[in-house]
Amino acid sequence: MKMKRIAFLFLLFLASQTVLSWKKDEFRTCDQTPFCKRARFRKPGSCTQIATDVSISDGDLTAKLVPKAHHDHDQDPIKPLTLSVSVYQDGILRLKIDEDPSLDPPKKRFQVPDVIVPEFESKKLWLQSVTTEKHDGDIAGLSSVVYLSDGYETVLRHDPFEVYVREKAGKRRVVSLNSNGLFDFEQLRVKKEDEDWEERFRGHTDTRPYGPQSISFDVSFYESDFVYGIPEHASSFALKPSRGPGVEDSEPYRLFNLDVFEYLHDSPFGVYGSIPFMVSHGKSGKSSGFFWLNAAEMQIDVLAKDWDAEDGILMPIDQSRIDTFWMTEAGIVDTFFFVGPEPKDVVKQYISVTGLPAMPQLFSTAYHQCRWNYRDEEDVENVDSKFDEHDIPYDVLWLDIEHTDGKRYFTWDKLLFPHPEEMQRKLAAKGRHMVTIVDPHIKRDDSFHLHKDASERGYYVKDASGKDFDGWCWSGSSSYPDVLNPEVRSWWAEKFSYTNYIGSTPSLYIWNDMNEPSVFNGPEVTMPRDILHLGGVEHRELHNAYGYYFHMATADGLVKRGDGKDRPFVLSRAFFAGSQRYGAVWTGDNSADWGHLRVSVPMILSLGLTGMSFSGADIGGFFGNPEPELLVRWYQLGAYYPFFRGHAHHDTKRREPWVFGERNTVLMRDAIRIRYTLLPYFYTLFREANVSGVPVVRPLWMEFPSDEAAFSNDAAFMVGNSLLVQGIYETRAKHASVYLPGKESWYDLRTGNAYKGGKTHKLEVSEESIPAFQRAGTIVPRKDRFRRSSTQMMHDPFTLVIALNSSQEAEGELYLDDGKSFDFKQGAYIHRRFVFSSGHLTSSNAASSPLGNSRFYSDCIIERIILLGYTPGAKTALIEPGNKKAEIELGPLRFGGHVGAAVTIRKPGVRVAEDWKIRIL
Amino acid sequence: MMISVTAQTALMSQEHQLVQEEKFYCKNIGHSPSLLYSSRVNDGICDCCDGSDEYDGKVKCPNTCNDAIAIESLKRNVEVYQEGVTLRKQEIEQAKRAIARDRAELSMLKREREVVGKLVSQLDELVQKLEQEHEEEENKMSEARNEKVKNKKSGPEENADRQIEPMKTSDVEKKRQSGESPSDQNEKDEDKNSEGLSREELGQLVVSRWTGKKTGEQVKEIDQTKNDQENDGQVDGYKESVADNTSRQSWLNKIQETAQSFLNMFSTTIANLDATQIRKEYNDYTSKLSDINSRISSLTEKFKHDFGKENEFYLFYDRCFESEQDKYVYKVRPFKDATQKGDNSETLLGKWDEFGNSHRYMLFTDGDECWNGPDRSLKVKLRCGLKTELTGMDEPSRCEYAALMYTPVLCLDEKLEEFKQKLESIDQVQEQQWNHDEL
């Protein structure tokens, strides 16, 4: 940066001074948010709504919600609400409550479009009948019961109204809504003369033309000990109670997408993205889930045990439970109950509503190098050649905002980047890719074609007076495309064509930043809530989904650009339920400190649990200068993040892996190479996520649902079902306590040494690595040859690492395809299952029946099979078909910079694409 | 072929065995051989110019070792270096002469100092005498004046009282003008003020958090740059007045004559002297002496520097190299400092520190402080070129600048020989190939 010796106007001088910490005062607390404050004042049992006119209609269970009695005749008469319960395959209940459109409400309340996947509707089960039963131990209570799935049913209690899911046998509850009677629905109404609906915050006025319209209710999870999910917060994975006995500084978990400058690493405060999906888990080993499709500001309390000790209503239930309280500013009740019972089932059920995670290109699962900013073409060339000089692999080089001509996205600074195409071609010649940034704020400059086009077409969001909203961001005075509008999205998508985006080439991909949206001079650094979108929808109603639609439009643009043949890669900072369909996200602008390294794990676990499998945190921390030790530890941990990118703020020193001396270069190179070694395993996991939603990086309890000691462990995580990794989160660590779950053993990835499961081990740690283990009973595919980038690894041979369990068995999978096209959707992929049992290893086809005629073939062979937990003795292995022999000997267990020793079948030479069997003689 | 430095010879550190990299050897006949990381072998990319790294048949790599372009660039290098080496020699010769001249000047200056010093002390004595006489006369007169002053005592006090009020106001004004405020107030003030800001100001305020740029840098610049920075270049005005050593020799003779004439004056009586003339002479020679002294110390300073093994950088001492880039003019003054000049401002990128890597770069450190970063510094890498010129100013890391400078001084003989040899070996190979074709 070119700083000048200049004096400034008094005011501006002052304004520029304090820049180093989170501006807490700039963001609203619950107390400063009227709907949240009002809702939190409500007492349990204050809801008097009862369900009437219960019937089956169009395959749904429907009812009206009416207040039990009109106490106050001065108030407007409360109109009945409509309630409907729909049931979908695999144990999903959908509950909708809205104002009755036939009663002529002042405005249609917003329902979030384009989040639920179209296929979901086809999974609807048409309810045929409803049975009525008397509520246990309840005097007046009648309940209507309908089918949900094998073993589960849905109950609608009439008075007071309550909806819950229970097991058919034993009638044990799973999830319920309004059991504590906190439900409240502020109906839209006409403003009275003496009323003031405006809200003010720090000099900003929200005109609130439609007045109060908030909704709140309680949700209970039964037989659960912890709840998880509802990202994005920089806090522990198991959500700590936010209200009730023992909670200080009570503040609910906030879901409101915000560009928070230097966020704190232990706070319920909302950051860049929002997914209103919560998962519970308990000692029973069972999980359940709840999702509220609503994009307005949401606040969620996790209630501590005995929160209702004073004025609670006695629930006639002996089951243990966790109560939660959900509040939102606008929208409707459109909620989904997921019965589980396995943790993975809950994730799959949620995914069947919001869609499967996209299958990424292979290159994007490798290492990315970013910095704000690589200055010019020479800088890019230099950084690129330094990677080669130090033999460190990397796949993608990123350009931040300074590459543009005055922050006009889709343009290039002519002085700094005069030859963008040639620059990309040079990278592409080494199999590398480039990513440039494209943000939603469009510079209001009449000579900028994008702005001219957007304003002429009327594609910008409008302010309350109907003019194009004019906000301030990187580009100065800016406007924002109304991406709620599908027409605007398709217009936006066109901008990524090679003809429109001049200087782009097929190896260029995109980064969407600032899409919360960030508005530097807006309330809470975002868009005013009374801004208008398509169809008069207020920004308050869709705020949390703005970034989602923007991400969607960009990803669609890349698909269009490649004629539907090239998988898009778009990294987004803001996200919402469903963002997993469009690409990757990262945890935003973190800081170079140990606390942020630590919190990256629960943040990534929360994202994975709620569908966002492809996520990561900036290696090294965006703000500040990391000590080399912290940076090394971050690379060692980040190598196991689903999304692996080094990034740094403008004002920080250079921190590419080679700038801290030979020793640190070696350590960082080893960490990055570990990721490259494990790419076949990661890619297989990305495919698993792509077909099931089960995330790449998982909490321990997802693999070990009954292991209580794992429930609140967020220092360690599973990569797939086979690897357990735990970071080193403090400086000069000599030891680490690592809990290894389950009954089987675990093998140290580097030494091959076995450790008992179900136990906390105090391990010695060195600077060379962080604790990482392979679970006994699994097979992990690797590629052990180092290359410049993943592109050159395409034809390299595989290594299989077989970790045997106590019965000398193991199994694993390998998925591969061309790494970039959509041909895999037509069956052009290889999916193998490897099983080791009774002394032989079998490779068989695991592909589901092919969808199309497309085929993918690989001539890759397996060059090495490593057996962990195998007693040495045998000297040869016999390969069928062909009856060839391969030697067995003690060979190296290469991993990172380390070579342990293990029993190895050398050069079996079998092809990965084929069926074969290897017998140990 | 693989050079085996692998597992067998792997080092054992503690109980860990570290991987030792295998490297691939490219013969590159007709070109210089090279060692490649094994990660480059059969990866589909041609790395060796002889193509030997891609032997698995998946790609075909043409042999480019005798590539016309490579030869061309080698030839160009030889040409540049050939001329450069000559220029370098000339530069060293010139430097030698300059050193001799500067040394001669220094010894001359020292002699001048002696002579002028003596003269000044004699003049001083004369002036003292004149002063003494003058004082005696003054004393007589002032006694008479004091009598009158006593009667007017109350006046000044009244005056002092009246001055208190205006002084306060001007203090406040001064503060406002300089934009000062107690720094611990700033945080509060920002919050308070942000509500009163215009939407543009608020936007810029948030931008400033990220960039560290003061808000309004582009919009509201008020130039209060210290203009005096401009003038601090040459302090020793003495330099111009003394053109060359021959004229200086006669000048020195003249002084000696003058000194002699003053010496003669001592014999005459004070009364006969022209007091004004003496004072003028005294002032002139005192200032000449201080000029001489400052020139001596600046030359002495100069000689302390490291100008390279053959003093090849000696002529850089008084030179200023400029380069214009993106709205800025960069000025590099070896052995002194480096600056960046914009429209309204000038920033010190660093003060001279030292040469590095055996005179292959110049380092300037301890420049202007950087917001939220290190003090500015500049590294100027030196390369062989036929003209001495500054190019390619860059800021690879925040406030750590880097530039490239071409100069004949870096055109070394050894390097020329190296290029020549390479070119010869290629020529030989080509000849051989030519012969093969004939057979």
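Residues numbered from 1 in each chain as written. Chains lettered and ligands numbered in written order. Predicted model: local features only at pLDDT ≥ 70, side-chain atom pairs only at ≥ 80, totals over all residues. Heavy atoms only, no water.

1. A look at the overall build of chain B
Here is step 1 of the chain: Across its full length, chain B holds 9 helices and 13 strands.
Here is step 2 of the chain: Within chain B, the fraction of its 439 residues that count as buried is 36%.
Here is step 3 of the chain: For chain B, the proportion of contacts with a sequence separation of at least 24, taken over those separated by at least 6, is 50%. (Helix = DSSP H or I, 4+ residues; strand = E, 2+ residues; numbered from the N terminus. Buried < 20%, exposed > 50% of the residue type's maximum accessible area, 1.4 Å probe, protein only. Contact = heavy atoms within 4.5 Å.)

2. Description of the UniProt feature "domain: Glycoside hydrolase family 31 TIM barrel" (unreviewed entry) in chain A
Here is step 1 of the chain: Mapped onto the present numbering, the UniProt feature "domain: Glycoside hydrolase family 31 TIM barrel" (unreviewed entry) falls at residues 357–685 of chain A.
Here is step 2 of the chain: Helix makes up 34% of residues 357–685 of chain A and strand 11%, and the two end C-alpha atoms of the span are 11 Å apart. (UniProt positions renumbered as here; feature names shortened; annotations may be inferred.)

3. Some remarks on the packing of helix α13 (residues 661–677) of chain A against helix α14 (residues 679–692) of chain A
Residue and element names in this part refer to chain A.
Here is step 1 of the chain: Between α13 and α14, the shortest axis-to-axis distance is 5 Å and the interhelical angle comes to 55°. Viewed along their axes, α13 and α14 adopt a mutual orientation that is oblique. Residues Arg675, Tyr676 and Thr677 of α13 touch α14, and the partners they reach there are Leu679, Pro680 and Phe682.
Here is step 2 of the chain: Taken together, the residues of the contact of α13 with α14 sort by class into 4 nonpolar, 1 polar and 1 charged. (Axes fitted to C-alpha atoms, helices over the stretch in contact; angles between N-to-C directions. Parallel < 35°, antiparallel > 145°, perpendicular 65-115°, else oblique. Nonpolar A, V, L, I, M, F, W, Y, C, P; charged D, E, K, R; others polar.)

4. Some thoughts on the sheet that holds strand β35 (residues 723–726) of chain A
Residues and elements named next belong to chain A.
Here is step 1 of the chain: In spatial order, the strands read β33-β34-β35-β40-β37-β38; together these 6 strands make up an open sheet with antiparallel pairing. Looking along the sheet, the strands with just one partner apiece sit at the ends: β33 (697–698) and β38 (754–755).
Here is step 2 of the chain: Pairing analysis gives 4 bridges linking strand β34 (residues 716–719) to β35, with the strands arranged antiparallel. In the sheet register, Ala716 faces β35, and the bridge partner there is Gln726. (Pairing = 2+ DSSP bridges.)

5. Re the sheet that holds strand β26 (residues 471–473) of chain A
Here is step 1 of the chain: The 3 strands are arranged β25-β27-β26 (chain A) in an open sheet whose pairing can be described as antiparallel. Looking at which strands have only one partner, the edges of the open sheet turn out to be β25 (442–443) and β26 of chain A.
Here is step 2 of the chain: Taken together, the 3 bridges between β26(A) and strand β27 (residues 476–479) of chain A define a ladder with antiparallel strand orientation. Bridging across to β27(A), Cys473(A) finds its partner in Gly476(A).
Here is step 3 of the chain: Relative to the sheet, helix α4 (residues 199–211) of chain B contacts β26 and β27 of chain A, its axis offset from that of β26(A) by approximately 25°.

6. Quick word on the nonpolar core
All names here are of chain A.
Here is step 1 of the chain: In this structure, Trp474, Trp492, Phe520, Phe569, Tyr640 and Val719 are the most contacted members of the largest nonpolar core, which totals 193 residues.
Here is step 2 of the chain: The residue makeup of this core includes at least three contributed by each of domain 1 (42–245 + 252–258 + 265–348) and domain 2 (362–685).
Here is step 3 of the chain: Ignoring sequence-local partners within four residues, the contact set of Val719 consists of Tyr640, Tyr681, Phe682, Leu685, Val696, Val697 and Val725.
Here is step 4 of the chain: Within the second largest apolar cluster, 45 residues are counted, among which are Ala51, Leu61, Val146 and Leu177. (Core = buried A, V, L, I, M, F, W, Y, C linked by side-chain atoms within 4.5 Å. Domains from an automatic or database assignment.)

7. Regarding α14(A)
Residue and element names in this part refer to chain A.
Here is step 1 of the chain: Taking 1.5 Å per residue as the helical rise, α14 with its 14 residues ought to reach 20 Å, and the 20 Å between its terminal C-alpha atoms agrees with that figure.
Here is step 2 of the chain: A large share of α14 lies buried, amounting to 12 of its 14 residues.
Here is step 3 of the chain: Residues of α14 that are buried: Leu679, Pro680, Tyr681, Phe682, Tyr683, Thr684, Leu685, Phe686, Arg687, Ala689, Asn690 and Ser692.
Here is step 4 of the chain: The first or second residue beyond α14 is Gly693, which carries a positive phi of 90°. (Expected span 1.5 Å × (residues − 1).)

8. Re the state of the cysteines
Linking two cysteines covalently through their sulfur atoms gives a disulfide.
Residues and elements named next belong to chain B.
Here is step 1 of the chain: As enumerated under the stated definition, the model contains 6 disulfides over all chains in all.
Here is step 2 of the chain: Residue Cys26 pairs covalently with Cys48 via a disulfide, S to S 1.9 Å. Across the disulfide from Cys26 to Cys48, rotation about the S-S bond amounts to roughly -45°, and the bridge is consequently left-handed. With a gap of 22 residues between them, Cys26 in strand β4 (residues 23–26) and Cys48 in the loop between β5 (34–37) and α1 (68–149) connect regions that are remote in the sequence. Accessibility assignment for this pair places Cys26 and Cys48 in one class, buried.
Here is step 3 of the chain: Two residues, Cys384 and Cys411, share a disulfide whose sulfurs are 2.1 Å apart. Of note, the bridge from Cys384 to Cys411 carries an S-S torsion of about 90° and is right-handed in sense. (Disulfide = S-S within 2.5 Å.)

9. As for the pairing of strand β8 (residues 152–157) of chain A
Residues and elements named next belong to chain A.
Here is step 1 of the chain: Of all 6 residues in β8, 6 are buried, a share of seventy percent or more.
Here is step 2 of the chain: Burial of the side chains of β8 extends over both faces: Tyr152, Thr154 and Leu156 are buried on one face and Glu153, Val155 and Arg157 on the other.
Here is step 3 of the chain: Both strand β7 (residues 142–149) and β8 contribute to a ladder of 6 bridges, which runs antiparallel. Looking at the pairing, Ser149 lines up with Tyr152 of β8.
Here is step 4 of the chain: Once β7 ends, the chain turns through 2 residues before running back antiparallel as β8, passing Gly151 with a positive phi of about 90°.

10. A look at the environment of Thr132(A)
All names here are of chain A.
Here is step 1 of the chain: Structurally, Thr132 is set in strand β6 (residues 131–134).
Here is step 2 of the chain: You can call Thr132 exposed: its relative accessible area is 53%.
Here is step 3 of the chain: Sequence separation of Thr132 and Asp915 is 783 residues, and the distance between their C-alpha atoms is 56 Å.
Here is step 4 of the chain: Once residues within four sequence positions are removed from consideration, Thr132 is found in contact with Leu142, Ser143 and Ser144.

11. A few points about the environment of Ala828(A)
Residue and element names in this part refer to chain A.
Here is step 1 of the chain: Positionally, Ala828 belongs in the loop between β43 (810–816) and β44 (830–837).
Here is step 2 of the chain: Separated by 168 residues in the primary sequence, Ala828 and Phe660 place their C-alpha atoms 44 Å from one another.
Here is step 3 of the chain: Discounting chain neighbours no more than four positions away, the residues touching Ala828 are Asp817, Asp823, Ser854, Arg855 and Phe856.

12. Some points on the domain arrangement of chain A
By a widely used convention, the size of an interface equals the accessible area lost when the partners come together.
All names here are of chain A.
Here is step 1 of the chain: Segmenting chain A into domains produces domain 1 (42–245 + 252–258 + 265–348) and domain 2 (362–685).
Here is step 2 of the chain: Look at where the C-alpha atoms of domain 1 and domain 2 centre, and you get two points 35 Å apart.
Here is step 3 of the chain: With 50 residues of domain 1 in contact, the opposing surface of domain 2 contributes 44 residues.
Here is step 4 of the chain: The junction of domain 1 with domain 2 conceals about 4000 Å² of combined surface from both sides, 61% of it contributed by carbon and sulfur atoms.
Here is step 5 of the chain: The largest per-residue losses of area from domain 1 upon contact with domain 2 belong to Phe110, Phe237 and Tyr272, which jointly make up 17% of the total buried on that side.
Here is step 6 of the chain: For the pair domain 1 and domain 2, the number of links is 7 salt bridges.
Here is step 7 of the chain: Of the charged contacts in the structure, one is a salt bridge between Asp206 and Arg540, with a shortest N-O distance of 2.8 Å.
Here is step 8 of the chain: Across the domain 1-domain 2 interface, the total number found is 24 residue pairs in polar contact (both at pLDDT 80 or more).
Here is step 9 of the chain: For the side of domain 1 that touches domain 2, the secondary structure elements donating two or more residues are β13 (204–206), β15 (226–229), β16 (253–255) and β17 (277–281).
Here is step 10 of the chain: In terms of residue count, β13 provides more of the side of domain 1 that touches domain 2 than any other element does, 3 residues in total. (Buried area = accessible area lost by both parts, 1.4 Å probe. Salt bridge = Lys/Arg side-chain N within 4 Å of Asp/Glu carboxyl O. Polar contact = N/O pair within 3.5 Å; in protein donor to acceptor, adjacent residues only side chain to side chain.)

13. Re the confidence of the model for chain A
Here is step 1 of the chain: Here chain A averages 93 in pLDDT, while 95% of its residues score no lower than 70.
Here is step 2 of the chain: Within the model, the stretch residues 1–20 of chain A combines pLDDT values under 50 with 77 contacts to residues more than four positions away or in other chains. (pLDDT = per-residue confidence, 0-100.)

14. Remarks on the packing of aromatic side chains
Here is step 1 of the chain: Counted under the stated rule, the structure contains 72 aromatic pairs over all chains.
Here is step 2 of the chain: Summarising the aromatic geometry, the rings of Trp398(A) and Trp511(A) are spaced 5.2 Å apart at their centres and angled 70° between planes, so their arrangement reads as edge-to-face. With Trp398(A) in strand β23 (residues 396–399) and Trp511(A) in strand β28 (residues 508–512), the pair connects residues that are 113 residues apart, well separated along the chain.
Here is step 3 of the chain: Trp398(A) sits in the buried class, given a relative accessible area of 0%.
Here is step 4 of the chain: A connected cluster of aromatic rings, assembled from ring pairs, spans Phe303(B), Phe307(B), Phe313(B), Tyr314(B), Phe316(B), Tyr317(B), Phe321(B), Phe335(B), Trp352(B), Phe355(B) and Phe364(B). (Phe/Tyr/Trp six-rings, centres within 6.5 Å; stacked < 30°, edge-to-face > 60°.)

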